[in-house]
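Next come the chains, spelled out residue by residue.
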Amino acid sequence: MTGSLARALRTAWRVPAGRAGALLLAAMAIAAVAGPALVQDPLAIPDLLAGATPPGADHPFGTDENNRDVLARVVHGARISMSVAGLSVLLSLGLGALVGTVSGYRGGWVDAGLMRLVDAALAVPRLFLLLILTVAWDPLPLGALILVLGGTGWFGTSRIVRGEVLRLRHEPFVVASTALGAGPLRVIFRHLVPNVAGPLLVTATLAVGHVILLEAGLSFLGVGVAPPTPSWGGMIQEGRYLAIAAPWITVFPGLAIVATVLAVNLIGEALRAAFDPRSA
């Protein structure tokens, strides 16, 4: 399966859209990691009376209504938004893979009980559930936001993993391994988990873009990342009243959101095509 995964990744890289998405996402990640050391403090207010100033030599992205550098805030916001998205997606993938694998492998009443719980959770809109949790847990620390986003995003993943495990558990190599005395844990981690890595990878890339939009939406509503910590959604929320007089305050964080979501979606679509047997 390792060879199949490597071949799929190479195939996705050869797709122009997938390569463009990977390069764009890499550039955003480098900016998030190295950028904060190269720009000024995003909370610094050199001249409060100056207010919002347009882009120029001193401030390539301009400044906001508090005279804070927009470029510095966008770069620091990349670290916050991408970290929240990445960690919450890892959490949701882990939970979804665990529940889906147990459900598909054990079957019977375990499968029925877990899937009914998943069905009940999927019946509640995720944004509605997030709003209830974030409003009830106010103020919401950054770690708690990651837990909330990750803890509400694994339901669909569990169904995908369950379907793959149900298909794989009757394959000859799994049946043979069980007949030779392999225990459930060995069968799961040696044969089942590696074979669902492809669908999980596709799900992860698409989920990152979705979580970035969710985090931005929550921050825009004032229940996400708490100010003055910069986040892309929070920057748009703070600058919405000056959207006409000083559009650069909202345009640049908006472009950052669009670029990141576009990059992960391009990667996800390229991976989906690479893992699709019909594209071979």
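Each chain carries its own residue numbering, running from 1 in the direction its sequence is written. The model is predicted, so local features are restricted to residues of pLDDT at least 70 and side-chain atom pairs to those at 80 or more, both for listing and for counting; the totals for chains, interfaces and linings are taken over all residues. To obtain the side-chain values, all non-hydrogen atoms of the structure were included, while hydrogens and water were left out.

Participant: Even after reading the chapter, I still don't get the overall build of the protein, so can you show me in this structure?
Facilitator: Assigned secondary structure in the protein consists of 12 helices and zero strands. For the protein, the succession of helices and strands along the chain, N to C, is α-α-α-α-α-α-α-α-α-α-α-α. Along the longest, intermediate and shortest principal axes, the C-alpha atoms of the protein span 75 × 45 × 30 Å. Long-range contacts, defined as pairs at least 24 residues apart, comprise 71% of the intrachain contacts of the protein with a sequence gap of at least 6. For the protein, the accessible area works out to roughly 14000 Å², and carbon and sulfur atoms hold 70% of it. Helix and strand definitions here come from DSSP, where helices need a minimum of 4 consecutive H or I residues and strands a minimum of 2 consecutive E residues; each element is numbered from the N-terminal end. We call two residues in contact whenever any of their non-hydrogen atoms come within 4.5 Å of each other. The method behind every accessible area is Shrake-Rupley, applied with a 1.4 Å probe, and residues are considered shielded solely by the protein chains displayed.

Participant: When you look at the environment of Arg-167 in this model, what are you seeing that I'm missing?
Facilitator: Looking at the element boundaries, Arg-167 is found in helix H7 (residues 155-168). As a C-alpha pair, Arg-167 and Tyr-105 span 62 residues in sequence and 10.0 Å in three-dimensional space. Polar side-chain contacts of Arg-167 include one of 2.8 Å to the side chain of Glu-164. Each polar contact in these results corresponds to two N or O atoms within 3.5 Å; when the atoms are within protein, one needs to be able to donate a hydrogen and the other to accept it, and residues that are neighboring in sequence are counted only if both atoms are side-chain atoms.

Participant: I would appreciate a short explanation of a nonpolar patch on the surface in the present structure.
Facilitator: Taken together, the side chains of Val-124, Phe-128 and Ile-132 make up a nonpolar region of the molecular surface, amounting to roughly 260 Å² of accessible area. Here Val-124 falls in the partly exposed class, since its relative accessible area comes to 33%. Put simply, a patch holds well-exposed residues, over 30% relative accessible area, that have no salt bridge, with like charges counted together within 9 Å and Val, Leu, Ile, Met, Phe, Trp or Tyr side chains within 5 Å. Salt bridge, as applied in this entry: a Lys or Arg side-chain nitrogen positioned within 4 Å of an Asp or Glu carboxyl oxygen. Here the term buried applies to any residue with accessible area under 20% of the maximum for its type, exposed to any over 50%, and partly exposed to those in between, with areas from a 1.4 Å probe on protein chains only.

Participant: For this particular structure, what's the right way to read unusual backbone geometry?
Facilitator: A negative phi angle is the norm for most residues apart from glycine, just as the trans form is the norm for most peptide bonds. Within the chain, Asn-67 stands out as a residue other than glycine whose phi angle is a positive 65°. Structurally, Asn-67 is set in the loop between helix H2 (16-34) and helix H3 (70-106).

Participant: Would you explain the pattern of salt bridges in this entry?
Facilitator: A complete count under the given rule lists nine salt bridges for this structure. Between Asp-111 and Arg-162 there is a salt bridge, with its nearest N and O atoms 2.6 Å apart. Residue Asp-111 is found in helix H4 (residues 108-122), and its partner Arg-162 is found in helix H7; the two are separated by 51 residues along the sequence. One network of salt bridges, with partners in common, ties together Asp-64, Arg-68, Arg-73 and Glu-238.

Participant: Explanation requested: empty space enclosed by the protein in the structure shown.
Facilitator: Where empty space is left becomes clear once a probe the size of a water molecule has been rolled over the atoms. A cavity here means a set of 1 Å grid points, computed over protein atoms only, where a 1.4 Å probe fits but cannot escape. A pocket is an open set with protein on both sides within 12 Å along at least 5 of 7 lines, and lining residues have an atom within 4 Å of a point. Grid points are joined across faces, edges and corners, and a volume is the space filled by probe spheres set on the points. With the rule as written, the count across this model stands at one cavity of 30 Å³ or more. Taken together, Asp-64, Glu-65, Arg-73, Met-235, Glu-238, Gly-239 and Ile-249 make up the lining of the largest cavity. At three residues, the largest contribution of residues to the lining of the largest cavity is made by helix H11 (residues 232-239). Only Asp, Glu, Lys and Arg are considered charged in this grouping, and only Ala, Val, Leu, Ile, Met, Phe, Trp, Tyr, Cys and Pro are considered nonpolar; every other residue, Gly among them, is considered polar. Of the residues in the lining of the largest cavity, the class split is two nonpolar, one polar and four charged.

Participant: How do you make sense of the packing of H11 against helix H12 (residues 248-275) when you look at a structure like this?
Facilitator: Between two packed helices, what matters for the description is the angle formed by their axes and the separation of those axes. Only the stretch in contact is used when a helix axis is fitted, and all axes are lines through C-alpha atoms; the angle between N-to-C directions ranges over 0 to 180 degrees. At a minimum axis distance of 8 Å, the contact between H11 and H12 shows a crossing angle of 150°. With respect to H12, the element H11 is oriented roughly antiparallel. For the pair H11 and H12, the crossing hand works out as left-handed. Residues Trp-232, Gly-233, Met-235, Ile-236 and Gly-239 of H11 lie in contact with H12, whose contacting residues are Ile-249, Thr-250, Pro-253, Gly-254, Ala-256, Ile-257 and Thr-260. Oblique is the label for any angle not covered by the other classes, which are roughly parallel (under 35 degrees), roughly antiparallel (over 145) and roughly perpendicular (65 to 115). If you view the pair so one helix is near and one far, a crossing is left-handed when the near helix is turned anticlockwise from the far one by less than a right angle, and right-handed when it is turned clockwise.

Participant: Any chance you could explain the packing of aromatic side chains here in plain terms?
Facilitator: The description of an aromatic ring pair uses the distance of the two centres, along with the angle that the planes make with each other. Any Phe, Tyr or Trp ring, taking Trp's six-membered ring, that has another such ring centre within 6.5 Å forms a pair; planes under 30 degrees apart are called stacked, those over 60 apart edge-to-face, and the others tilted. A full pass over the atoms with the stated rule returns two aromatic pairs. Here the aromatic rings of Phe-61 and Phe-252 are separated by 4.0 Å at their centres, their planes lie at 5°, and the arrangement is stacked. Here Phe-252 lies in helix H12 and Phe-61 lies in the loop between H2 and H3, a separation of 191 residues in the sequence. Taking relative accessible area as the criterion, Phe-61 reaches 22% and is therefore assigned partly exposed. Each ring, one from Trp-154 and one from Phe-155, has its centre 4.7 Å from the other, and the planes form 55°; the classification is tilted. Phe-155 gets classed as buried once you look at its relative accessible area, which sits at 12%. One Lys or Arg, Arg-19, reaches over the ring of Trp-13 and ends 6.0 Å from the middle of that ring. Two conditions define a charge sitting above a ring: the NZ of Lys or the CZ of Arg must be within 6 Å of the ring centre, and it must be within 35 degrees of the ring normal.

Structural measurements only, silent on function.
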